[in-house]
Amino acid sequence: MNHLPEAARLRHAIVRLNRRLRHERGAGALSPTQLSVLGHLHRNGPSTPGEVATAERQRPQSLTRVFAELEAEGLILRSPSTTDRRQSVLSLTEEARRALVRDMAERDAWLSEALASLSPTERGVLELAAGVMERLADADVDVDVDRGGSGEDGR
């Protein structure tokens, strides 16, 4: 069954909501990539750069600069691995935990106010959809390169 129309509409809505949530972040906020790395370490605990990159679907080399920035800003600590001295392990600092809490609070405050404009039924639907979207984010599916689609307009 072809779900391209539903996929395009869902993608468009997610992209718009993501843009709005990014807009609601305060001045001097972390970059999306920095936030992604810190979020991974917050959820999963200390990790090697390779583990972070794999989880974020990036190459470790692509995140080298981000790791260095976060370390220079005192948001992550880099220590040698206890199992392989060639590896380093990244962990959050207390300052990073505070930055994550602050960042989430700013976006959650806006989203809470926006949710108040919806009916209880609409809020319930979104609560259910949140769980489904988490499952979608973790889905491991193969896609044909020649899959067609709704265009490359970025919506």
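Everything in this summary refers to the structure shown in the same document.

Criteria and thresholds
- Residues numbered from 1 in each chain as written.
- Predicted model: local features only at pLDDT ≥ 70, side-chain atom pairs only at ≥ 80, totals over all residues.
- Heavy atoms only, no water.
- Helix = DSSP H or I, 4+ residues; strand = E, 2+ residues; numbered from the N terminus.
- Buried < 20%, exposed > 50% of the residue type's maximum accessible area, 1.4 Å probe, protein only.
- Contact = heavy atoms within 4.5 Å.
- Salt bridge = Lys/Arg side-chain N within 4 Å of Asp/Glu carboxyl O.
- Polar contact = N/O pair within 3.5 Å; in protein donor to acceptor, adjacent residues only side chain to side chain.
- Core = buried A, V, L, I, M, F, W, Y, C linked by side-chain atoms within 4.5 Å.
- Pairing = 2+ DSSP bridges.
- Expected span 1.5 Å × (residues − 1).
- Axes fitted to C-alpha atoms, helices over the stretch in contact; angles between N-to-C directions.
- Parallel < 35°, antiparallel > 145°, perpendicular 65-115°, else oblique.
- Nonpolar A, V, L, I, M, F, W, Y, C, P; charged D, E, K, R; others polar.

1. Describing the overall build of the chain
(1) Moving on: Helix and strand content of the chain: six helices and two strands.
(2) Moving on: In the chain, the succession of helices and strands from N to C terminus is α-α-α-α-β-β-α-α.
(3) Moving on: Out of the 155 residues belonging to the chain, those deemed buried represent 23%.
(4) Moving on: The long-range fraction of contacts in the chain, counting pairs at least 24 apart against all pairs at least 6 apart in sequence, stands at 55%.

2. Description of the environment of Ser-31
(1) Moving on: Turning to its location among the elements, Ser-31 is positioned in the loop between helix H1 (4–23) and helix H2 (32–44).
(2) Moving on: Judged by its relative accessible area of 28%, Ser-31 is partly exposed.
(3) Moving on: For Ser-31 and Pro-60, which are 29 residues apart along the polypeptide, the C-alpha to C-alpha distance reads 17 Å.

3. Quick word on the pattern of salt bridges
(1) Moving on: Applying the stated criterion to the full structure yields eight salt bridges.
(2) Moving on: Ionic pairing is found between Arg-43 and Glu-56, a salt bridge with its closest N-O pair at 3.7 Å. Residue Arg-43 is found in helix H2, and its partner Glu-56 is found in the loop between helix H3 (49–55) and helix H4 (60–72); the two are separated by 13 residues along the sequence.
(3) Moving on: A salt bridge links Arg-86 to Asp-84; its shortest N-O distance comes to 3.0 Å.
(4) Moving on: Look at Arg-86 and you get exposed, because its relative accessible area is 76%.

4. What about the side chain of His-40?
(1) Moving on: Among the structural elements, His-40 can be located in helix H2.
(2) Moving on: Within the structure, the side chain of His-40 is placed 3.2 Å from the side chain of Ser-47, a separation counted as a polar contact.
(3) Moving on: Apart from residues lying up to four places away in sequence, His-40 is in contact with Gly-45, Ser-47, Glu-51, Val-52, Ala-55 and Glu-56.

5. What to know about the nonpolar core
Side chains that are nonpolar tend, in soluble globular proteins, to be buried together.
(1) Moving on: Counting 18 residues, the largest nonpolar core has Val-37, Leu-38 and Ile-76 as its most contacted members.
(2) Moving on: Those elements that place two or more of their residues in this core are H2, H3, H4, strand S2 (88–92) and helix H5 (94–116).

6. Thoughts on the pairing of S2
(1) Moving on: Counting buried positions along S2 yields five of five residues, so the element is predominantly enclosed.
(2) Moving on: Sheet topology places strand S1 (residues 76–80) next to S2; five bridges connect them, and they run antiparallel. Each residue of the ladder has a partner; that of Leu-77, found in S2, is Ser-91.

7. Section: H5
(1) Moving on: In this model H5 runs 32 Å from its N-terminal to its C-terminal C-alpha over 23 residues, within 8% of the 33 Å that 1.5 Å per residue would give.
(2) Moving on: Of the surrounding secondary structure, the elements contacted by the buried residues of H5 are H1, H2 and S2.

8. Looking at unusual backbone geometry
Apart from glycine, the bulk of residues carry a negative phi angle, and the bulk of peptide bonds sit in the trans form.
(1) Moving on: Unusually for a residue other than glycine, Arg-57 sits at a positive phi of about 55°.
(2) Moving on: Examined against the element boundaries, Arg-57 turns out to sit in the loop between H3 and H4.
(3) Moving on: The exposure class of Arg-57 is exposed, given its relative accessible area of 63%.

9. Examining the packing of H2 against H4
(1) Moving on: Packing of H2 against H4 leaves a shortest axis separation of 10 Å and a crossing angle of 75°. On the basis of the axis angle, H2 is roughly perpendicular to H4. Contacts from Thr-33, Gln-34, Val-37 and Leu-38 in H2 reach Leu-63, Val-66, Phe-67, Glu-69 and Leu-70 in H4.
(2) Moving on: The residue makeup of the contact of H2 with H4, split by class, is six nonpolar, two polar and one charged.

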